[in-house]
Amino acid sequence: MGKYEQLATNIIEEIGGKSNIQSLTHCVTRLRFKLKDESKANDEKLKNMDGIVTILKSAGQYQIVIGNHVSKVYEDICELADISSQTEEENSDNQDKKLFDKVIDVISGIFQPILAVLTAAGMIKGFLALFSALGWVSSESGTYLVLNAIGDSIFMYLPIILGYTSAKKFGLKPFVGLLIGITICYPSMQQSALSSTLQPLYTLFDGTSFASPVYLEFLGIPIISMDYTSTVIPVIFICFVASKFEKIFDKIVPELLKFFFVPMLTLLFSLVLGFIVIGPIATYSSMMVANTIIAIRGFSPLIAGAIVGFTWQILVIFGIHWGFIPVYINNISTIGYDNVMMPFFGATFASTAVVIAIMIKTKDKKLKELCIPAAISGIFGVTEPAIYGILLPLKKPFIISCIASGIAGAYYGYADLKEFIIGGLGIFEFPAMIDPATNSLDNLMVGVIGVVIAMSIGFILTIVFFKEEVKEEVKADTEDVNKDIRKSSLAKEELKIPIKGEIIKLSEVPDDAFAQGILGKGLAIKPSEGIVKSPVKGKVTILFPTHHAVGLTSENGTEILIHVGMNTVNLQGKHFNPKVKEGDLVEIGDELLEFDIKEIEDLGYSTITPVIVTNSEQHLEILESGLSKNSTNLITVIS
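Computed from a predicted structure; not experimentally measured.

Draft legend 1. A look at the overall build of the protein chain. The helix and strand tally for the protein chain stands at 21 helices and 21 strands. Taken over 639 residues, the protein chain has a buried fraction of 49%. For the protein chain, the computed accessible surface area is about 29600 Å², with 60% contributed by carbon and sulfur atoms.

Here it is in structure tokens:
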């Protein structure tokens, strides 16, 4: 047994005993417990226990911050509690965020891993539409069919992809989420397939605006069918519910049966609940929205158009826009045109203009690179890369795009924009606005003017109101402080900047333990180059096994932790290349490790790197030298 046996014993006792431990992992400073019942843990005793810095709770993890010797405590706990090492992904959502921010962050986090392929597919769809319109490729040719399948498949079967990424976000087994997505996209479960092959068993609410044909029953319970392909929210919600069921069944199913019974029960309960509850909610919500707009249009087409334009992107995200589709198709089939849904048309171009403005204004190279293909695909009517990759994560630009779309929608409602045939997307929807009876271009001009309104307003508002986060001005003049130090008898040690990049305050780090200075004082770096160099002359005292963090002790006794990225412990050393080992002596500027910024960020991890003095309490002052312009020092330690 190791030297931290007593601390390990006390921790096990105060978290509710070893029977309350579901899993345990650790990173460079903290133990990460997944407890069966967090209420059994004695928070106050643990916080006040010698050897524990603090405790944190985040997304189902009970985290005990230990410090640099966490691995030793971890080993003793594993031995005492008879558990083995496990790796588990951390959800770093801040529990204090507003509900709107949480929803946006969840959706953005789920889409982040697929942004590259989503944008690529959008580009293929956009260019294929252009080539088809120019007559270069026939829509009936094999070439068109192959390219269309490549570009359209991810949008058609988006719930399958999102089932996987949602599962990882919510801590559900990824292949359970994948199967949830596959099931709701299964052809025989889609309303369009059912209505073309079966007669309804009966119709719920027949004779009302909520009339719903029922084609299937489950144990006598009617299933209100809908088309789940291309939707977003239903699969995310079902995966969220499934993650809760999985935890419940994992607690109550005997150990010998868990391997197959837990996923089986999770799938059955979550999907049946999804089909019985999600379907009706989405269906009736769609109907209510469509009926409300039709009623409003009866006395004010301008207001109805504004509502459609402003809310269209939100309706699409939640899958509620489907209520307009039957109205749209019925209007074109019976009266020869639709003017109820058409105020949505400006939304595509408003989003595109906002993205173009962000591309012009941002100094973030990665964001700028993402804006280019998103804007191109947006012009051709494919806005998913723009919405989920740029607008939603930035929040304010998404609201701006809704405002611009709403104003354009109000104009479309007032001017009575019509579409006479079921058209294409983006710019390829314009031909459908030409009146086939008269060949008049007046209605088409209404469509063009609305696009100009949407793009102009979206672009201008973004240029004026979109601002990237700017780090706070340095409140103290470091040079004056240094002069005072030189005049005194105090000892001073300068820590050089170890990584090239933008220096930010610890308070901006998306992790409470670092942001609150619990682990020590210092600064953080948004790296532009994946090389970590020694900021001091000293010794490598710790190199974490996953190589994402390194600890140093300087000649003067300053203990330094350089922690590359957030939750990068989960990468298990992938994309990290250490240049030193524990015990090595290093000079200022010696390379400590290399890391691949792009690969790490593409996997969804932040590369923000805190650099902290872990024995800050042993020094008189820790100064943030790196926030001064042109400083080559990151931190000044006064002893």
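Draft legend 2. Summary view of the packing of aromatic side chains. Taken as a whole and assessed by the stated rule, the structure comprises 18 aromatic pairs. Three or more aromatic residues joined by ring pairs form one cluster here, namely Trp312, Phe344, Phe345, Phe349, Tyr411, Tyr412 and Phe430. A cation over an aromatic ring shows up here: Lys418 above the ring of Tyr337, its NZ or CZ 5.2 Å from the ring centre.

Draft legend 3. Quick peek at the pattern of salt bridges. With the rule as written, the count across this model stands at ten salt bridges. When the shortest N-O distance is used, the salt bridge between Glu246 and Lys173 registers 3.9 Å. Of this pair, Glu246 sits in helix α10 (residues 233-252) while Lys173 is found in the loop between α7 (158-170) and α8 (174-184), placing the two residues 73 residues apart along the sequence. Residue classification places Glu246 among the buried positions, given a relative accessible area of 8%. Between Glu529 and Lys500 there is a salt bridge; the shortest N-O distance is 3.9 Å. On the criterion of sequence distance, the pair formed by Glu529 in the loop between β11 (521-527) and β12 (531-533) and Lys500 in the loop between β9 (492-496) and β10 (501-505) is long-range, its members being 29 residues apart. Among the residues examined, Lys500 registers a relative accessible area of 51% and is labelled exposed.

Draft legend 4. Up close: the environment of Asn331. With respect to the helices and strands, the residue Asn331 is situated in helix α13 (residues 324-334). Considered as a pair, Asn331 and Phe420 are 89 residues apart in the sequence and their alpha carbons are 9.2 Å apart.

Draft legend 5. Representation of the environment of Leu425 within the structure. Relative to the helices and strands, Leu425 is located in the loop between α17 (396-415) and α18 (442-465). Through-space distance from the C-alpha of Leu425 to that of Ala129 is 8.5 Å; in sequence the pair is 296 residues apart. Excluding residues within four positions of it along the chain, Leu425 makes contact with Phe380 and Gly381.

Draft legend 6. Structural detail: the sheet that holds β12. Taken in spatial order, the three strands of this open sheet run β12-β18-β16, and their pairing is antiparallel. Pairing within the sheet leaves two strands with one partner each, and these edge strands are β12 and β16 (576-578). When the angles between neighbouring strand axes are averaged without regard to direction, this sheet yields 15 degrees. In terms of strand pairing, β12 meets strand β18 (residues 591-595) through three bridges, oriented antiparallel. By the bridge assignment for β18, Lys533 is matched with Glu591.

Draft legend 7. Expanded view of the sheet that holds strand β17 (residues 585-586). With respect to topology, seven strands assemble into an open sheet ordered β10-β11-β19-β15-β14-β13-β17, the strand pairing being antiparallel. Because the sheet does not close on itself, it has two edges, and the strands there are β10 and β17. Strand direction decides the pairing type here: β10 and β11, joined by five bridges, are antiparallel. Each residue of the ladder has a partner; that of Ile504, found in β11, is Ala524.

Draft legend 8. How the structure looks around the packing of helix α5 (residues 115-133) against helix α6 (residues 142-156). Axis separation between α5 and α6 bottoms out at 8 Å; the angle between their running directions is 140 degrees. In this structure, the crossing between α5 and α6 has a hand that is left-handed. The segment α5 lies against α6, with Val117, Leu118, Ala121, Gly122, Ile124, Lys125, Leu128 and Ser132 engaging Tyr144, Leu147, Asn148, Ile150, Gly151, Asp152, Ile154 and Phe155. Here the contact of α5 with α6 is built from residues that sort into ten nonpolar, four polar and two charged.

Draft legend 9. Quick peek at a nonpolar patch on the surface. Taken together, the side chains of Phe310, Ile314, Phe318, Ile399, Ile403 and Ile407 present a nonpolar region at the surface, about 460 Å² in accessible area. Among the elements of the structure, α12 (301-318) and α17 are those that each provide at least two residues to the nonpolar patch. Of note, Ile403 is situated in helix α17. Note on Ile403: relative accessible area 33%, which makes it partly exposed.

Draft legend 10. Highlighting the nonpolar core. Counting residues in each nonpolar core, the largest one holds 54 residues, and the members touching the most others are Phe111, Ile180 and Ile390. Those residues in contact with Ile390, other than ones at most four positions away along the chain, are Val355, Ile358, Leu367, Leu370, Cys371, Ala374 and Pro385. Ranked by size, the runner-up nonpolar core spans 31 residues in total, among them Leu495, Ile503, Leu523 and Leu543.

Draft legend 11. Molecular detail of the UniProt feature "active site" (unreviewed entry) in the protein chain. Under the UniProt annotation, the feature "active site" (unreviewed entry) is placed at Cys27. With respect to the helices and strands, the residue Cys27 is situated in the loop between β1 (21-26) and β2 (30-35). Sequence-distant contacts of Cys27, defined by excluding residues within four places in its chain, comprise Arg32, Val70, Phe544 and Val569.

Draft legend 12. Quick peek at the packing of helix α11 (residues 258-299) against α12. Relative orientation of the contacting elements α11 and α12 amounts to 155 degrees, with a least axis distance of 7 Å. The angle between α11 and α12 falls in the class roughly antiparallel. Between α11 and α12, the residues in contact are Val289, Ile293, Ile296, Arg297 and Phe299 and Pro301, Ile303, Ala304, Ile307, Val308 and Leu315, respectively. Along the lines of polarity and charge, the residues of the contact of α11 with α12 split into ten nonpolar, no polar and one charged.

Draft legend 13. Quick peek at the pairing of strand β19 (residues 609-613). The buried fraction of β19 is high, at five of five residues. Of the two faces of β19, both are covered, the one formed by Thr609, Val611 and Val613 as well as the one formed by Pro610 and Ile612. Of the pairings in the sheet, the one linking strand β15 (residues 559-563) to β19 comprises three bridges and is antiparallel in character. Directly across from Ile560, in β19, lies its bridge partner Val613.

Draft legend 14. Representation of unusual backbone geometry in the model. Positive phi is not limited to glycine here, since Asp416 has a value of about 60 degrees. With respect to the helices, strands and loops of the structure, Asp416 is situated in the loop between α17 and α18. Its relative accessible area of 25% is what places Asp416 among the partly exposed residues. In this structure, Gln572 takes a positive phi of about 55 degrees despite not being glycine. Examined against the element boundaries, Gln572 turns out to sit in the loop between β15 and β16. Given a relative accessible area of 48%, Gln572 falls into the partly exposed group.

Draft legend 15. How the structure looks around the pairing of strand β14 (residues 549-554). Of all six residues in β14, five are buried, a share of seventy percent or more. Summarising the sheet, strand β13 (residues 538-543) and β14 pair through five bridges and their orientation is antiparallel. In the sheet register, Lys539 faces β14, and the bridge partner there is Thr553. The hairpin formed by β13 and β14 contains five residues between the paired strands, and His547 there has a positive phi angle of roughly 65 degrees. In this structure, β14 lies alongside β15, joined through five bridges in antiparallel fashion. Within β15, the residue paired with Val550 across the bridge is Ile562. Two successive antiparallel strands, β14 and β15, enclose a turn made up of four residues, where Gly557 displays a positive phi of approximately 90 degrees.

The rules behind these values
Residues numbered from 1 in each chain as written. Predicted model: local features only at pLDDT ≥ 70, side-chain atom pairs only at ≥ 80, totals over all residues. Heavy atoms only, no water. Helix = DSSP H or I, 4+ residues; strand = E, 2+ residues; numbered from the N terminus. Buried < 20%, exposed > 50% of the residue type's maximum accessible area, 1.4 Å probe, protein only. Areas by Shrake-Rupley, 256 points an atom, 1.4 Å probe, with all protein chains shown as cover. Phe/Tyr/Trp six-rings, centres within 6.5 Å; stacked < 30°, edge-to-face > 60°. Lys NZ or Arg CZ within 6 Å of the ring centre and 35° of its normal. Salt bridge = Lys/Arg side-chain N within 4 Å of Asp/Glu carboxyl O. Contact = heavy atoms within 4.5 Å. Pairing = 2+ DSSP bridges. Axes fitted to C-alpha atoms, helices over the stretch in contact; angles between N-to-C directions. Left-handed = near helix turned anticlockwise from the far one by under 90°. Nonpolar A, V, L, I, M, F, W, Y, C, P; charged D, E, K, R; others polar. Patch = residues over 30% accessible without salt bridge, like charges linked within 9 Å, V, L, I, M, F, W, Y side chains within 5 Å. Core = buried A, V, L, I, M, F, W, Y, C linked by side-chain atoms within 4.5 Å. UniProt positions renumbered as here; feature names shortened; annotations may be inferred. Parallel < 35°, antiparallel > 145°, perpendicular 65-115°, else oblique.

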